[in-house]
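Close look at the chain arrangement
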Amino acid sequence: MSKVFILSEIKEGKIKQSSLEIVSASQKAGNETIALVLGNNSATASAELFHAGAKKVYYCEDALLKIYSPEIFQKTALSLIKKENPEIILAAHTPTGKDLLPRIAIELGTGCAADCSSLKFEGNKISVKKPLYAGKALVEIEFCGSGPICATLRPNSLGNPEINTTLSGNAESCNIEGASESKIKLIDLVKGTSERPDVTEASTVISGGRSLKSAENFALLESCADVLGAAVGASRAAVDAGFRPHRDQVGQTGKVVSPSLYIACGISGAIQHLAGMRTSKTIVAINTDPEAPIFQVADYGIVGDLFTLVPLLTEELKKLK
Ligand SMILES: Cc1cc2nc3c(=O)[nH]c(=O)nc-3n(C[C@H](O)[C@H](O)[C@H](O)COP(=O)(O)OP(=O)(O)OC[C@H]3O[C@@H](n4cnc5c(N)ncnc54)[C@H](O)[C@@H]3O)c2cc1C
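The structure contained in this document is the topic of the report that follows. What you see is a predicted model; the values in this text were computed from it and never measured. (Residues numbered from 1 in each chain as written. Predicted model: local features only at pLDDT ≥ 70, side-chain atom pairs only at ≥ 80, totals over all residues. Heavy atoms only, no water.)

Right, let's talk about the overall build of the protein chain for a bit. A tally of helices and strands in the protein chain yields nine helices and 17 strands. Compactness check: the protein chain gives a C-alpha radius of gyration of 21 Å against a globular reference of 20 Å for 321 residues, within 12% of the reference. Each principal axis of the C-alpha atoms in the protein chain carries an extent, and together these give about 60 × 40 × 40 Å. Evaluated residue by residue, the protein chain yields a buried proportion of 50% over its 321 residues. The long-range share in the protein chain, meaning contacts at least 24 apart out of those at least 6 apart in sequence, stands at 64%. Only carbon and sulfur atoms are counted for the fraction: they give 50% of the accessible area of the protein chain, which is about 15200 Å². Once the 34 positive and 35 negative side-chain charges of the protein chain are each reduced to a mean point, those two points are 2 Å apart. (Helix = DSSP H or I, 4+ residues; strand = E, 2+ residues; numbered from the N terminus. Rg over C-alpha atoms; globule rule 2.2 N^0.38 Å. Buried < 20%, exposed > 50% of the residue type's maximum accessible area, 1.4 Å probe, protein only. Contact = heavy atoms within 4.5 Å. Areas by Shrake-Rupley, 256 points an atom, 1.4 Å probe, with all protein chains shown as cover. Lys, Arg positive; Asp, Glu negative; His and termini not counted. Charge placed at Lys NZ, Arg CZ, Asp CG, Glu CD.)

Dropping the structure here:
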């Protein structure tokens, strides 16, 4: 059993699924699990961390924490980490997690394994696996040395969190640190217009490629995504053609996703696209070309025209609902 400190995140008043996943995995392994949440509504949202198995939760609702501020988050987390002295510090591999945890690791004089796609607790250590060479290989990392172990975990890589709403605890309020010496001041957060989940966080992603031919034709994927509660992704060719915004791009120069289900529609499966989605649990590919490389990584492949197949799929999924 280890003492595990988890840097959790809050979005629109709720703890992110990617944070709950880590808390739940730590609790299931029998660790003493401590979570930190900073930001608006964090006092109320602490309950979600207890439901996922946290034994102790620190929160802070200072107005300066409304938007992620690297130095303030770093200093505040660091003071609690020094107080708790955990063996392991974890965060989700999100824009915040991948910025914050390496900053903390540097201050602690230790390393940080980033973008891990699996995690195993072993005694008071962990071993993690992370993809290399655009996902073509997996490397297993063991931690040596004396400092605390730090790792960021790819969202959706640890499975659904186990939630038990009868679990509770008393969250402890903490003070922010480092506000006066902070060199960065974040003024505003400009939200994207999409109401859909982000491709990196969604448990289902349906993506389209160049073959969609226009931005309007992505409505086919949107309808299917509505039924599935999915995010809509795109290949770089579709983004470069202006069919989708860059925030939806999956791949080496886009976002890395690891959903439970990834549906690739009219995407050839170039290595740079695979780099962003090949750790998805189940991959379904729809393509007119039976030789398309995407079929080499797909669990289920359908050779056919997406303009016929996607509406059929949507109708069948509606019936199942
Ligand atoms: C440095 C670098 C970085 C890159 N980063 C990325 C990245 O992050 N993400 C990314 O995606 N790409 C990236 N690329 C581009 C990548 O190499 C490919 O060019 C791109 O992924 C191709 O997109 P596509 O599959 O949509 O298009 P295409 O390769 O043109 O494939 C279209 C596919 O649709 C199929 N098709 C056609 N019509 C239909 C139909 N009606 N129904 C079903 N199937 C149909 C075709 O058989 C074909 O397989 C990068 C390239 C470079 C050099």
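Don't stop here, the text continues.
We now examine the nonpolar core. In a soluble, globular protein the nonpolar side chains are often hidden away together inside. The biggest cluster of nonpolar side chains holds 31 residues, and the ones touching the most others in it are L49, L90, L119 and I126. If you tally residues by element for this core, the top one is helix α1 (residues 17–28), at four residues. Residues contacting L90, with those up to four places away along its chain left out, are V4, F5, I6, L7, I22, L101, L119, F121, I126, A151 and L153. The next biggest cluster of nonpolar side chains, apart from the first, holds 23 residues, and it includes L7, F73, L78 and L80. (Core = buried A, V, L, I, M, F, W, Y, C linked by side-chain atoms within 4.5 Å.)

The subject of this paragraph is the pattern of salt bridges. One pass over the structure, following the stated rule, counts 18 salt bridges. Notably, a salt bridge pairs E84 with K56, separated by 2.8 Å at the nearest N-O pair. With E84 in helix α3 (residues 70–84) and K56 in strand β5 (residues 56–60), this residue pair connects regions lying 28 residues apart in the sequence. A salt bridge links K318 to E315, with the shortest nitrogen-to-oxygen separation between them at 3.5 Å. Here K318 pairs with E315, and both are found in helix α9 (residues 306–320), just three residues apart, close to one helical turn. For E315, a relative accessible area of 41% gives the class partly exposed. (Salt bridge = Lys/Arg side-chain N within 4 Å of Asp/Glu carboxyl O.)

A few words now on the site of the ligand. Around the ligand sit 25 residues, and of these R210, S235, T253, Q272 and N287 come closest. Take Q249: an N or O atom from its side chain is 2.9 Å from an oxygen atom of the ligand. For the ligand, an oxygen atom lies 3.1 Å from a polar atom in the backbone of G266. In isolation the ligand offers 980 Å² of accessible surface; the protein chains occlude 73% of this area. Contributing elements (two or more residues each) for the shell around the ligand: α6 (236–240), α7 (271–277) and α9. (Near = heavy atom within 4 Å. Polar contact = N/O pair within 3.5 Å; in protein donor to acceptor, adjacent residues only side chain to side chain.)

Before going further, it helps to examine the packing of aromatic side chains. Working definition: an aromatic ring pair is given by the centre-to-centre distance plus the angle between the planes. Across all of its chains, the model carries two aromatic pairs by this definition. A ring pair is formed by Y68 and F73, whose centres lie 4.9 Å apart and whose planes are at 75 degrees; its orientation type is edge-to-face. For the pair shown, Y68 and F73 are each scored as buried. (Phe/Tyr/Trp six-rings, centres within 6.5 Å; stacked < 30°, edge-to-face > 60°.)

Time to look at the sheet that holds strand β15 (residues 261–265). The five strands are arranged β14-β13-β15-β16-β17 in an open sheet whose pairing can be described as parallel. Strands with a single pairing partner mark the edges of an open sheet, and in this sheet they are β14 (231–234) and β17 (300–303). Averaged over all pairs of adjacent strands, the angle between their axes in this sheet comes to 15 degrees, without regard to strand direction. With five bridges joining them, β15 and strand β16 (residues 282–287) adopt parallel strand pairing. Following the sheet pairing, A264 is matched in β16 by A285. Contacts from helix α5 (residues 219–228) reach β13 (204–208), β14 and β15 within the one sheet, and its direction differs from that of β13 by about 175 degrees. On the sheet, α9 packs against β15, β16 and β17 and is oriented at approximately 135 degrees with respect to β16. (Pairing = 2+ DSSP bridges. Axes fitted to C-alpha atoms, helices over the stretch in contact; angles between N-to-C directions.)

Another point: the environment of S182. Residue placement: S182 occurs in the loop between β12 (172–173) and β13. Along the chain, S182 and S211 lie 29 residues apart, while their C-alpha atoms are 48 Å from each other. Among the polar contacts made by the side chain of S182, one reaches the main-chain carbonyl oxygen of I184 at a distance of 2.9 Å.

Position of R244 among the secondary structure elements: in the loop between α6 and β15. Here the side chain of R244 touches E222 through a polar contact of 2.9 Å, side chain to side chain. Each residue touching R244, except ones within four places of it in the same chain, is listed here: F218, E222, V232, A234, A238 and V239.

Once that is clear, we can look at the pairing of β14. Burial along β14 is two-sided: A231 and G233 facing one way and V232 and A234 facing the other are all buried. Pairing analysis gives four bridges linking β13 to β14, with the strands arranged parallel. Directly across from G208, in β14, lies its bridge partner A234. As a crossover connection, the stretch from β13 through α5 into β14 is right-handed. (Right-handed = clockwise from strand over helix to strand, strands pointing away.)

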